[in-house]
Amino acid sequence: MATQTFESNVLITPSNDFLPKQQQCLHAQVIDQQCRDCGFNVGEEYGVPFPYIHPGLRLSHETATRLRDLCTHDLLRKNKLILVLDIDHTLLHAVRFDEANPSDMEYLKQREDLFMLEDLNLIVKFRPFVCTFLKEASPLFEMYLYTRGNGYYARNMATLLDPDNLYFGNRIISRDDTPSSFKTLNLIAGQERITVIVDDTKTIWPNDTNNLLLIDKYCYFALKKDPSVGGYLKTRSDESETNGALMRMLTGLKELHTRFFTIEDCRDKDIRWMLAVRRCLTLEGCRVHVRANHVHDQVEVEELYEMATKQGAKCCRVLDSSVTHVVGAYSNRGPLKKMFLVDQAWIKASYFLGQRQPEENFPIK
């Protein structure tokens, strides 16, 4: 009975001097499951992984929060935000050698913006404007690469994109570092309120869509298994260098950065709030009708209407003379002469870029 009373007193006393060292320790930093302070094995699921900072490093949630706070303070002092960049279909397109159409190989070998990586069994094509994009974004943002590819692939792509190691440093995150099948800002050394994501896939960020700027998927290669389905290579063309997706994205990012730091005290500023406010007025004055047979199913029709509504547009279920924008293809275009006829990507691009996009850039595919 005396022992139980003693243990109870220890639990409620403000001092932990009677506890073993391992029970006193907060396990702030762990490497390969072992606490750096007390040596206790905390298990493989402990805390938050930061292996790109140091191999095997995991931080307690409290330590991770302090790290994000300190990094955010330092970045704001330098007038910088955080930019998290996807790799595949965002900055480049890569296919295996055996996926490429053999009839295209001679043409591909002549391109200067294409890399044949035999050790990876990959052909890699840069997205037009990517080098300028990285160069001009670097002074404004601390940049991360984040891919669902493995670590070896991620590091090789980083070397191609940043051969002089000017942009990313060790801020390269792969599926080897991610404890789940989706991407998360929990692994970023900075607060979410100063972080912008650029990715071609929305669903991979289920908890961070408010930070996301969605970019059109870049597909260059035609595949051997289905030559009829191909990207720009099929027509020996490419995305515009001067008016392509990365150019438009850079313009939007620069505007966002300027607006953020225009406020005298940016400590309470939040990128997520800024993007939401910007989006709600993006399509103000537009009356949108979605052509159901142009999209995959009714669910997608409703998603497009919802996205248009969030941008301030009026949704018209019936096509009449008040409609300003028709999303979809019509065989009889006579009644549509005074209306914009656009691809569904126009609604999505306007939403995720936070500004109305030129209709002429989104013709029906």
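Each chain carries its own residue numbering, running from 1 in the direction its sequence is written. Reporting of local features is limited, given that this is a predicted model, to residues whose pLDDT is at least 70; pairs of side-chain atoms are given and counted only at 80 or more, and all residues count toward the totals for whole chains, interfaces and linings. Water and hydrogen atoms were dropped before computing side-chain values, which therefore reflect all heavy atoms in the structure.

**As for the nonpolar core**
(1) Moving on: For the purposes of this section, nonpolar cores are sets of buried Ala, Val, Leu, Ile, Met, Phe, Trp, Tyr and Cys residues that join through side-chain atoms within 4.5 Å. When accessible area is computed with a 1.4 Å probe and restricted to protein chains, residues below 20% of their type maximum are described as buried, those above 50% as exposed, and intermediate ones as partly exposed. Judged by nonpolar contacts, the single largest core of 87 residues is most densely connected at Leu83, Leu85 and Phe133.
(2) Moving on: Only DSSP runs of H or I covering at least 4 residues are called helices, and only runs of E covering at least 2 are called strands; the numbering of each starts at the N terminus. At eight residues, the largest contribution of residues to this core is made by helix H7 (residues 245-262).
(3) Moving on: Residues count as neighbours in contact if any of their non-hydrogen atoms are within 4.5 Å of one another. With near-sequence residues (within four places) excluded, Leu83 lies in contact with Phe133, Ala137, Phe141, Glu142, Met143, Tyr144, Val196, Val198 and Leu253.
(4) Moving on: Among the nonpolar cores identified, the runner-up in size contains ten residues, and Val95, Ala100, Leu114 and Ile123 belong to it.

**A few points about the packing of aromatic side chains**
(1) Moving on: Side-chain rings of Phe, Tyr and Trp, where Trp is taken by its six-membered ring, are said to pair if the distance between their centres is within 6.5 Å; with planes under 30 degrees apart they count as stacked, over 60 as edge-to-face, and otherwise as tilted. On inspection of all chains with the given rule, the structure shows eight aromatic pairs.
(2) Moving on: Both rings, one in Tyr52 and one in Tyr144, keep their centres 5.9 Å apart while their planes meet at 85°; by these two values the pair is edge-to-face. Here the residue Tyr52 occupies a position in the loop between strand E3 (48-49) and strand E4 (57-59), and Tyr144 occupies one in strand E9 (residues 141-146), the gap between them amounting to 92 residues.
(3) Moving on: For Tyr52, a relative accessible area of 8% gives the class buried.
(4) Moving on: The interplanar angle of 55° and the centroid separation of 4.9 Å between the aromatic rings of Phe115 and Phe126 together place this pair among those described as tilted. In this pair, Phe115 sits in strand E7 (residues 114-117) while Phe126 sits in strand E8 (residues 122-126), placing the two residues eleven residues apart along the sequence.
(5) Moving on: Of the aromatic side chains, those joined through ring pairs into one cluster are Phe50, Tyr52 and Tyr144.
(6) Moving on: The criterion for a charge sitting over a ring is simple: Lys NZ or Arg CZ within 6 Å of the ring centre, and within 35 degrees of the ring normal. The ring of Tyr144 has Arg171 lying over it, and the distance from NZ or CZ to the ring centre is 5.8 Å.

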